[in-house]
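The chain contents come next:
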Amino acid sequence: MPTNEAVQDIGLDDYKYHFITEDEPVFRSGRGLNEKVVREISAQKGEPKWMLDFRLKSLDIYNAKPMPTWGGDLSQLERVLGDIFFYVRPQERMERSWDDVPANIKETFDRLGIPEAEREILAGVGAQYESEMVYHSLKEEWEAQGVIFDSIEDGLRNHPELFREHFATVVPPGDNKFAAMNSAVWSGGSFVYIPPGVELETPLQAYFRVNQEQMGQFERTLIIADEGSRAHYIEGCTAPVYSTESFHSGVIEIVVKPGAHFRYTTIQNWSNNMYNLVTQRSLVHENATMEWLDGNLGSKLTMKYPSCFLVGERAHGSILSIAYAGNGQHQDTGGKVIHAAPRTSSSIVSKSISKGSGRASYRGLCKVYEGSTDAKSNVECDALLIDEAARTDTYPYIEIDENQSTVGHEARVSKVGEEQIFYLMSRGMPEEEAMALIVRGFIEPIARQLPLEYAVELNRLIELEMEGSVG
Amino acid sequence: MSDAPILKTADLRAKVTDEEIEILKGVDLEIRPGEIHAIMGPNGSGKSTLAKVLAGHPGYEVTGGSAFFDGQDLLELETDERARSGVFMAFQYPVAIPGVSIANFLRTALQARLEDGDELDLFDFQDILLERMELLEMSPSFAERAVNDGFSGGEKKRNEILQMAVLEPALAIMDETDSGLDIDALKVVARGVNTLQKERPEMAVLLITHYQRLLNYIQPDFVHVIVDGRIVRSGGPEVALSLEEGGYREYRQLQSTVSAA
Ligand SMILES: Nc1ncnc2c1ncn2[C@@H]1O[C@H](COP(=O)(O)OP(=O)(O)OP(=O)(O)O)[C@@H](O)[C@H]1O
Ligand SMILES: [Mg+2]
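Even after reading the chapter, I still don't get the overall build of chain A, so can you show me in this structure?
A count of helices and strands for chain A gives 13 helices and 24 strands. Taking all 471 residues of chain A together, the buried fraction comes to 55%. The long-range fraction of contacts in chain A, counting pairs at least 24 apart against all pairs at least 6 apart in sequence, stands at 84%.

What's the story with the overall build of chain B in this structure? I'm lost.
Across its full length, chain B holds nine helices and ten strands. Dimensions of chain B, computed from C-alpha atoms along their principal axes, come out at roughly 60 × 40 × 40 Å. For chain B, the residues scored as buried account for 42% of the 261 residues in total. Across chain B, every contact between residues at least 6 apart in sequence was considered, and the portion connecting residues at least 24 apart equals 72%.

What's the story with the interface of chain A and chain B in this structure? I'm lost.
Interface size is commonly expressed as the accessible surface area that is lost when the partners come together. Contact residues are listed per partner, giving 22 residues for chain A and 23 residues for chain B. Counting residues per element, the ones that place at least two in the side of chain A that touches chain B are α11 (418-425) and α12 (431-447) of chain A. The leading source of residues in the side of chain A that touches chain B is α12 of chain A, at nine residues. Its residues assigned to classes, the side of chain A that touches chain B comprises ten nonpolar, five polar and seven charged.

What am I meant to see in the nonpolar core here?
Note on soluble globular proteins: their nonpolar side chains tend to be buried together. Counting residues in hydrophobic clusters, the biggest one holds 187 residues, and the most contacted among them are Val185 and Val256 of chain A together with Leu171 and Ile173 of chain B. Leave out the neighbours within four places in its chain, and Val256 of chain A touches Ala225, Phe262, Ser282, Leu283, Val284, His285, Ala288 and Met290 of chain A.

I tried to follow the sheet that holds strand β9 (residues 222-227) of chain B on my own but got confused; where do I start?
Strand pairing within a sheet occurs via backbone hydrogen bonds; the two strands may be parallel or antiparallel. Residue and element names in this part refer to chain B. Ordered in space as β6-β7-β8-β3-β9-β10, the six strands form an open sheet in which the pairing is mixed. In this open sheet, the two strands that pair with only one neighbour each are β6 (87-90) and β10 (230-235). On average, each strand axis in the sheet is inclined to that of its neighbour by 20 degrees, with strand direction left out of account. Note that β6 and strand β7 (residues 171-175) share four bridges and pair parallel. For Ala90, the partnering residue across the bridge sits in β7 and is Met174.

In this structure, what is going on with the site of ligand 1? I would like to understand it.
Taken together, 13 residues are adjacent to ligand 1, and Asn43, Gly44, Lys47, Ser48 and Thr49 of chain B come closest. The biggest single contributor to the shell around ligand 1 is helix α1 (residues 47-55) of chain B, with three residues.

Honestly, the sheet that holds strand β4 (residues 60-69) of chain B in this entry has me stumped. Any pointers?
Taking strand neighbours across the sheet as the criterion, the four strands line up as β2-β1-β4-β5 (chain B) in an open arrangement whose pairing is antiparallel. Only two strands of the sheet have a single partner each, and these edge strands are β2 (22-31) and β5 (72-73) of chain B.

When you look at the pairing of strand β6 (residues 190-194) of chain A in this model, what are you seeing that I'm missing?
One face of the sheet, then the other: side chains in a regular strand alternate in exactly this way. Residues and elements named next belong to chain A. In terms of burial, β6 is a largely internal element, five of the five residues being buried. With four bridges connecting them, β6 and strand β9 (residues 220-225) associate as parallel partners. Looking at the pairing, Tyr193 lines up with Ile224 of β9.

Just checking my understanding: could you explain α11 of chain A for this structure?
Every α-helix winds through 3.6 residues per turn, so residues three or four apart in the chain are directed the same way. Extensive coverage of α11 of chain A is indicated by the burial of six of its eight residues. Taken together, the buried positions of α11 of chain A are occupied by Gln420, Ile421, Phe422, Tyr423, Leu424 and Met425 of chain A. Next to the buried residues of α11 of chain A lie α12 of chain A together with α2 (79-85) of chain B.

Hey, could you run me through the confidence of the model for chain B in this one?
Reading fine detail from the predicted coordinates is not recommended where pLDDT is low. With 96% of its residues at a pLDDT of at least 70, chain B reaches an overall mean of 92. Two summary scores accompany this predicted model of the complex, namely pTM at 0.79 and ipTM at 0.94.

I keep staring at the packing of helix α2 (residues 35-45) of chain A against helix α3 (residues 49-64) of chain A and nothing clicks. Help me out?
Residues and elements named next belong to chain A. For the pair α2 and α3, interaxial distance at closest approach is 10 Å and the crossing angle is 155 degrees. Relative to α3, the element α2 is oriented roughly antiparallel. Here the hand of the crossing between α2 and α3 comes out right-handed. Contact with α2, carried on its side by Glu35, Val38 and Ser42, involves Met51, Leu52, Arg55, Leu56 and Leu59 of α3 and no other residues of that element. Looking at the contact of α2 with α3, its residues break down into five nonpolar, one polar and two charged.

Each value, and the rule that gives it
Residues numbered from 1 in each chain as written. Chains lettered and ligands numbered in written order. Predicted model: local features only at pLDDT ≥ 70, side-chain atom pairs only at ≥ 80, totals over all residues. Helix = DSSP H or I, 4+ residues; strand = E, 2+ residues; numbered from the N terminus. Buried ≥ 20, exposed ≤ 12 C-beta atoms within 10 Å, placed from the backbone. Contact = placed C-beta atoms within 7 Å. Nonpolar A, V, L, I, M, F, W, Y, C, P; charged D, E, K, R; others polar. Core = buried A, V, L, I, M, F, W, Y, C linked by C-beta atoms within 7 Å. Pairing = 2+ DSSP bridges. Axes fitted to C-alpha atoms, helices over the stretch in contact; angles between N-to-C directions. Near = placed C-beta within 6 Å. pLDDT = per-residue confidence, 0-100. Parallel < 35°, antiparallel > 145°, perpendicular 65-115°, else oblique. Left-handed = near helix turned anticlockwise from the far one by under 90°.

As structure tokens, then:
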């Protein structure tokens, strides 16, 4: 078989959406993170005083907390953070309709190849471009049902009480260094409220991307699924390639009230120089169900562990995640489930693919507090190595303080075997296609859970990443 | 039927890649369109190796001799190119491809045979698949199962034959497809192969087997005996019958005198 290093060097693992569209931000904060930047952000947004105070307090916490020493390699991060812009606002005002969206931004969507069908669904979408929502509309029937689907800024402005009651209750700024950073400089993200008993058939979707070179993106999303409601929120994003390192640190907070059912799906595909450190957490009340479906591609380092805090009786949490670590990438992902009530149940299914110098780590926590009788949890991790060099490791942390509970853990590592490739090739498939089919099969249990267009997109992204994995 | 062989090997030699273990020590075979050849031989004599070398398995390296398929130099072609030109091997030990349904697998394999830009018609495909499954007495739901994942030995073998039926090769190499099949399944598979050959009389078959039993259902035109990487005897169906009687003893002796010489 031909081995051609040159071919691999042209950037098979490189991000495929290598383009930058011209646009001029209206306001750009200075480089680095300090009190002045925080005050500027808050003033630009015309925020109430309590939010400015919250931001400043969070900045203090951020400064006081040391960099984590676990997870991925953060040694270069200090330098990166000194260099980035913490706030960029591309446009003066929120766009009301798709027609108002500037041509260069549409072009970006175009080049991302968002299918026509998906654009139609964009009728009900908040598409976040850089730090702000540029386009935000809500399906009328949702509005009629009292559903709120706004930018986080509008959420704060238009629904101050509801906002303040829940904001930072799931992820307090003191939770971790990056949650503190986000709390200080957050900008952009969604605010979602589903009233009691409302069931949404069509998922709420947000499409966003980072586009300003060296811009940090700190989106903040707050979702409240009120009693007995049922909804699905989808967020996907892709970022273009830049030569300098970039940074993304989001916070997603979800409150799932009694009897509600909420699913949050995200497929993230960052450029290879991106640090992606996200805190996603849900508070799940009695008889409620929270499902995280999390796909991570690209980035230099991703550290992301969607969590479910099961605080009410019979609360259920499920985390399905898929990570792809190509050359030079480290995906440190997994999930956390905290059982803090009787008869709570949870399941984590984590699948990872690593290739070349890529490294995928599973890091998971299952904690069962005393008194959480008859709690049940099951963890399954499944790693696929594309070649000999690829690496995977598993860090399951299990803490059980309740004897009357059941926790299962299962980990598997498999390699794409020469025999499998030969088998498919002997049926006429070229080697690349054989590899792609094996990988598609591997992620099938997760792709099956996605709406069709996202499953197609996930497969397409992985295929792009896989190109040239055959030597 | 044309007289030009579909497959012709001459003094074909092969060893394990990266090692000095020679397995095929000069194999001469000539198979014409429509012919059925059986290859028999003791365990470890090189039958599967021959099949895999013909299919282009990267674990083996051809060290000498030649192999021509339909007039082209087979050894120049990659595994997938061989398959697309009409070589098919039913595996002795098929591997599992989790998460990939048989239908999806076959669709991808057929799509790979089309010109760039041509799309397989999914309705036609569905029809072909269902019709072939019926021929092999398989339930349609079987096509939704992941390829060989958790299959019983017999299911794996049937799946190989289903693939052969859908892909319609010019040369079908069947490596011990009979082992692991119960007597009813054996009949179904044999009937399947016979039907396929009736539909396309030019299809050539190379059957690797240990047992006369299969040859009662699929009548070979030629039988070859392979011992220690060489064909030591070729003849008609009677060769298989004599093996049933006397085993490989006489060939082994023959072999040792050959090696001693
Ligand atoms: N990859 C390999 N590495 C080392 N030895 C090998 C390898 N492949 C085959 N062999 C050896 O070559 C010989 C022939 O193997 P092969 O599988 O072709 O036998 P076979 O005739 O098909 O046997 P059986 O009837 O048991 O299926 C055996 O001794 C086997 O151990
Ligand atoms: Mg064999």
